[in-house]
Amino acid sequence: MPTKAARSAADYDSQDEANTELLEKLKHLDRRVEAVESGGGGLCSRSAACWQSLKWKSALNHIGLLVSLSIYCGVGGLIFRHLERPAEVERLTQLKDVVKSQRERFMSTILNNTEVNNLNELLSFELAKYEAAVQEAAEGGLLIVADKDFPEPYERWSILQAVFFSSTVLTTIGYGNIVPVTISGRVFCICFALIGIPFTLTVIADWGRLFASAVSVFGKHMPTKPKFTNFIGKTWFYAILAVGFLGVYLAAGAGLLLLWEDDWTFFDGFYFCFITMTTIGFGDLVPKKPNYMLLCTLYILIGLALTSTIIELVRRQYATSWAKLQELSGPMAETLRRLGETAGTGLDYATLQKVLTVSMPKWSSNKKNEHNSDIAALEAITNAILKEVKEAQNSKPKVLQIVIYESSV
């Protein structure tokens, strides 16, 4: 028989083996947990990297559209310059020759006909012809300075002016101060506008939605919101905020134009910016300094995007209002129609109360807090209708009895 010591040693060995096996299982379990956690962390890191790549992709899409439009506008401006500049030079040369010849003829008439009897008539005739030539040259773009050989104050179809003109074509502003006069230039303008205008509207709408989302995010993260937002709604508040920012943007543009254009006032600059951003484009005020035309083009594109932002925010408000109206119009409209059909026919009060209760719109639970005010207003309207119908039924109308007698007379 085994001794007590031998049995204790055997028990100790079996317990030690069991403990060792348990430790191995725990270590294996720890390794599995670590693997799962590391895998989960990798999944989280991959999700974060994917989200980051999506954000970069979205940003590159917005920037890519704007860059593509800028390249299209620049290439169009270069083509317009190539087509229109030679004709412009030829036209200005003809105007310059005409005004020079009329000036010389007028001066020769004064110097060589001093003894003619009808000198006054002759001078008036030659002066009228010279004035007409001067007026045509001035309207054509020449500076009436004989000492400088009637120079061109600025090049109408310079590279910057041509790019600015192409931007006015794409944005449908069309000031009218520079127009193509050649057949090839006009044909290219038609093709350029047919392709470029939808492209420009796409870019403006894209940046308008981007700005609208930015305004909404800014409004949601405002620390304190004005109290009047409870009355006008958040979407209208965002629209008013965008309109205010657009006013600041117009004022900033007017200030820059005031620095660049010597003969403009602040109101002239603000008026020009407003007429431009609304694509009215009268053309009565147009910048003439070619040094900042590219900056002005970029300013116009961003401003049109801001204008599109306001349109987008107002559209969202209309969509929200229409959704609420549709949510209320279905059962309630049917109830009011049935009420109108049974008016004056003794509609039972209990039946009416049941119909109105069933016809109440079913609000989802996740919108409970959001629509508490709407539900309260609807219940108040329902109670008012029920009260009015009950009072009408309780009060018996007075009956006037008319008796008509017929006699043999």
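From a predicted model like this one, the values you see are computed outputs, not experimental measurements. (Residues numbered from 1 in each chain as written. Predicted model: local features only at pLDDT ≥ 70, side-chain atom pairs only at ≥ 80, totals over all residues. Heavy atoms only, no water.)

**Student:** How would you explain the environment of Phe272 if you had to name every residue and give the values?
**Tutor:** Positionally, Phe272 belongs in helix H7 (residues 266-277). When its relative accessible area of 4% is taken as the criterion, Phe272 is described as buried. Sequence spacing of Phe272 and Leu250 is 22 residues, and the spatial spacing of their C-alpha atoms is 9.1 Å. (Helix = DSSP H or I, 4+ residues; strand = E, 2+ residues; numbered from the N terminus. Buried < 20%, exposed > 50% of the residue type's maximum accessible area, 1.4 Å probe, protein only.)

**Student:** Break down unusual backbone geometry for me, with residues and values.
**Tutor:** Although it is not a glycine, Asp149 sits at a positive phi angle of roughly 65 degrees. Position of Asp149 among the secondary structure elements: in the loop between helix H2 (119-140) and helix H3 (159-170).

**Student:** Can you break down H3 residue by residue, with the values?
**Tutor:** Between its first and last C-alpha atoms H3 spans 17 Å; for 12 residues at 1.5 Å apiece the expected length is 16 Å, and the two agree. Burial analysis of H3 places 10 of its 12 residues in the buried class, the great majority of the element. Along H3, the positions that sit buried rather than exposed are Gln161, Ala162, Val163, Phe164, Phe165, Ser166, Ser167, Thr168, Val169 and Leu170. Immediately beyond the C-terminal end of H3, within one or two residues, lies Thr172, with a positive phi of roughly 60 degrees. (Expected span 1.5 Å × (residues − 1).)

**Student:** Talk me through the packing of aromatic side chains; I want residue IDs and the actual numbers.
**Tutor:** Enumeration over the complete set of coordinates arrives at 15 aromatic pairs. Taken together, a centroid distance of 6.4 Å and an interplanar angle of 25 degrees make the contact between Phe80 and Trp157 stacked. Of the two residues, Phe80 sits in helix H1 (residues 4-112) while Trp157 sits in the loop between H2 and H3, which places them 77 residues apart along the sequence. Neither residue differs from the other here; Phe80 and Trp157 are each classed as buried. When the centroid spacing of 6.0 Å and the interplanar angle of 5 degrees are considered together, the rings of Phe106 and Tyr130 count as stacked. Of this pair, Phe106 sits in helix H1 while Tyr130 sits in helix H2, and the two are 24 residues apart along the sequence. Neither Phe106 nor Tyr130 differs from the other in exposure class; each is buried. Ring-pair connections join several aromatic residues into one group, and the members of that group are Tyr72, Phe80, Trp157, Phe165, Phe188, Phe192 and Phe199. (Phe/Tyr/Trp six-rings, centres within 6.5 Å; stacked < 30°, edge-to-face > 60°.)

**Student:** Could you give an account of the UniProt feature "transmembrane region" (unreviewed entry) in the protein chain, naming the residues involved and the relevant values?
**Tutor:** UniProt annotation of "transmembrane region" (unreviewed entry) refers to residues 63-83, 157-175, 187-205, 236-259, 266-286 and 292-314 when read in the numbering used here. What you have in residues 63-83 is 100% helix and 0% strand, and the ends, taken at the C-alpha atoms, are 30 Å apart. Each end of residues 157-175 is marked by a C-alpha atom, and these two atoms are 15 Å apart; helix forms 63% of the span and strand 0%. (UniProt positions renumbered as here; feature names shortened; annotations may be inferred.)

**Student:** If you had to explain H7 to someone new, which residues and values would you point to?
**Tutor:** Taking 1.5 Å of rise per residue, the 12 residues of H7 would be expected to cover 16 Å, and the 17 Å separating its terminal C-alpha atoms lies within 8% of that figure. Residues Gly269, Phe272, Cys273, Ile275, Thr276 and Met277 constitute the buried set of H7. Of the residues trailing H7, Thr279 is marked for its positive phi of about 55 degrees.

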